[in-house]
Amino acid sequence: MSEHIVSSYEEQLKKLHSTVLKMGALCESQFANSIIALVKKDEELVDKIIGKDDRIDELEKKIDEQVVNLITLRQPMAIDLRETVSAMRIASELERIGDLAKNIAKRVKNIKIELNNEDFSLIRSASELVQNNLKKTLDSYSKNDEKLALSVWNSDKEVDVVINKLLQDLLNHMKKDKKNIESLTHLLFIAKNIERIGDHSTNICEYVHYFIKGEDIKGDRPKA
Amino acid sequence: MKNEKIKISTKNLNVFYGPKQALFDINLEVEEKKVTALIGPSGCGKSTYIRCLNRMNDVIDICKVEGSIKIDGQEINKKDVDVNLLREKVGMVFQKPNPFPKSIYDNIAYGPRIHGLADNKDDLDKIVESSLKKAALWEEVKDRLNQPGTGLSGGQQQRLCIARTISINPEVILMDEPCSALDPIATAKIEELIDELKKTYTIVIVTHSMSQAARVSQNTGFFHLGKILEFNLTEKIFKNPDNKLTQDYITGRFG
């Protein structure tokens, strides 16, 4: 794509793009840290995660402002308009991811069981899978790569498979280990949070695809 | 798009100014009672194209127009067509408002008089009133119909010219940059008027304002170097054009 004749307009669009990426990187690290905090029971890290959530909200507001400014002052057309509108929607998906990561962190202190072992390997592998998808999602946005977005979108069914296994696994733990039912309930919620982070990630893939191609991804999302 | 009635159909239209070819194989269909916007950089041929639709290029000696232009299925690009009758059917509004140096009343009454559309003064009064009403100018000028048309503001003059155009009951109205000399409020009034007029008339508008094309038209054609590169629903053109050059042009990346 060649550049705009008006370079200040080009800069404004690039700035919006980089603000979204900055917000994406922060959400990515919040999520990764929430899982580290969970597995290591690291309460200091929990506080850090909770403290950083405000920054995510700030970035979302900043993106909204940049979008409104672009629409007001530049009246973007075609791919520029699609990118501008998508940025706002991606930011709101990211904000949800940030909230879910914070929610995972908040539950850490209520979990009284050891997770860093074979019994709970599924929660680690599920979060690794979702982290990997989120990373690829943000890469697809960063490189304007709609094919990558589409492949992440299609791979969400693998996440569903692992999450379903994980939920079943946690229920089995609950049946066997009634005294830890509170901890395990929190883990159930955490598993759902991880799944939802995956869902938000695929939503972002849809916006990336839309802004580059000008059309929605065809068909329903593959579900396990 | 397919179920609509085609008012103007252009096939393999080529236009030359002397040795220089200005339009290349233009194939374009204008739908009835719709607004068709033509966009493209200066010199791309969009004005040349609409000037073919009422044979305005006839007055340029070196201009040669080849190909077929049919209005309601009737060929207009041939020698034996009565251009006066054609121009009665296909009216035109120009970039700069150009009222006659006459009263507001006579600006409107001139056309109906020479075309014999009014039998008496009452008839003529009615035509003047209804034309000014259709052009949304009546309320502003009804008390000063005998004052010169050139004394009106630019926006009012342009609406006067539109009223003059519709006073002889045309079927098609061609507009060549009708708002480029007007302020935003006067522009909005013309755009509101275009919305209203399309219920009765087929409108073809040439504009350099992307946002105006987006606001007023249902179909948009993108001209470039004498060719029509893309003709599509307006929404499609401005949201997701098929042609890369269209996208470069409307997003300001051209060149």
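Look above for the structure.
Being a predicted model, the structure only gives us computed values, none of them experimental.

Parameters and conventions
- Residues numbered from 1 in each chain as written.
- Chains lettered and ligands numbered in written order.
- Predicted model: local features only at pLDDT ≥ 70, side-chain atom pairs only at ≥ 80, totals over all residues.
- Helix = DSSP H or I, 4+ residues; strand = E, 2+ residues; numbered from the N terminus.
- Rg over C-alpha atoms; globule rule 2.2 N^0.38 Å.
- Buried ≥ 20, exposed ≤ 12 C-beta atoms within 10 Å, placed from the backbone.
- Contact = placed C-beta atoms within 7 Å.
- Nonpolar A, V, L, I, M, F, W, Y, C, P; charged D, E, K, R; others polar.
- Axes fitted to C-alpha atoms, helices over the stretch in contact; angles between N-to-C directions.
- Parallel < 35°, antiparallel > 145°, perpendicular 65-115°, else oblique.
- Left-handed = near helix turned anticlockwise from the far one by under 90°.
- Expected span 1.5 Å × (residues − 1).
- Arc of directions from axis to C-beta.
- Pairing = 2+ DSSP bridges.
- Right-handed = clockwise from strand over helix to strand, strands pointing away.

Trainee: Describe the overall build of chain B, with residues and values.
Mentor: Looking only at helices and strands, one finds 10 helices and 10 strands in chain B. Compactness check: chain B gives a C-alpha radius of gyration of 18 Å against a globular reference of 18 Å for 255 residues, within 12% of the reference. Its C-alpha atoms give chain B principal-axis dimensions of roughly 55 × 45 × 35 Å. Burial status across chain B gives 44% buried among its 255 residues. In chain B, once contacts between residues fewer than 6 apart in sequence are set aside, the share between residues at least 24 apart is 68%.

Trainee: Outline the interface of chain A and chain B, supporting the account with residue identities and numerical values.
Mentor: Residue-level contacts link 12 residues of chain A with 14 residues of chain B. When residues in the side of chain A that touches chain B are grouped by element, the largest group, three residues, is from helix α3 (residues 78-107) of chain A. Along the lines of polarity and charge, the residues of the side of chain A that touches chain B split into six nonpolar, four polar and two charged.

Trainee: Tell me what's going on with the packing of helix α3 (residues 104-114) of chain B against helix α6 (residues 154-166) of chain B, and back it up with residues and numbers.
Mentor: Residues and elements named next belong to chain B. Here α3 crosses α6 at 30°, and the two axes come no closer than 7 Å. Considered as vectors, α3 and α6 are oriented roughly parallel to each other. Judged by the sense of rotation from one axis to the other, the crossing of α3 with α6 is right-handed. Counted together, Ile104, Asn107, Ile108 and Gly111 of α3 and Leu160, Ala163 and Arg164 of α6 form the full contact between these two elements. Of the residues in the contact of α3 with α6, the class split is four nonpolar, two polar and one charged.

Trainee: Account for helix α4 (residues 121-142) of chain A, with residues named and values stated.
Mentor: All names here are of chain A. With 22 residues, α4 should reach 32 Å at 1.5 Å per residue; the first-to-last C-alpha distance of 31 Å fits that figure. Of the residues making up α4, those classed as buried are Ile123, Ala126, Ser127, Val130, Asn133, Leu134, Thr137, Leu138, Ser140 and Tyr141. Mapping the buried residues of α4 onto a view down its axis gives an arc of 155°, with all of them on the same face. Residues of α4 that are buried make contact with α1 (7-40), α3, α5 (146-176) and α6 (181-213). Trailing α4 by a residue or two, asparagine 144 shows a phi angle of about 50°, which is positive.

Trainee: Can you break down the sheet that holds strand β9 (residues 219-224) of chain B residue by residue, with the values?
Mentor: Residues and elements named next belong to chain B. Ordered in space as β6-β7-β8-β3-β9-β10, the six strands form an open sheet in which the pairing is mixed. Of all strands in the sheet, those bounded by a partner on one side alone are β6 (90-93) and β10 (227-233). Direction aside, the axes of adjacent strands within the sheet are offset by 20° on average. Here strand β3 (residues 35-39) runs beside β9; their pairing, made up of four bridges, is parallel. Residue isoleucine 39 lies in a different strand from β9, and its bridge partner there is phenylalanine 222. Across the sheet, α6 touches β6 and β7 (172-176), and the angle it forms with β6 is around 170°.

Trainee: Explain the pairing of β7 of chain B to me, using residue names and the numbers behind them.
Mentor: Residues and elements named next belong to chain B. Of all five residues in β7, five are buried, a share of seventy percent or more. Neither face of β7 is open: one carries Val172, Leu174 and Asp176, the other Ile173 and Met175, and all of them are buried. The pairing of β6 with β7 spans four bridges and is classified as parallel. Paired with glycine 91 across the strands is isoleucine 173, a residue of β7. In this sheet, strand β8 (residues 202-206) lies alongside β7 in parallel orientation, the contact comprising five bridges. Bridge pairing links valine 172 to threonine 202 in β8. As a crossover connection, the stretch from β7 through helix α7 (residues 184-197) into β8 is right-handed.

None of this, on its own, says anything about what the molecule does.
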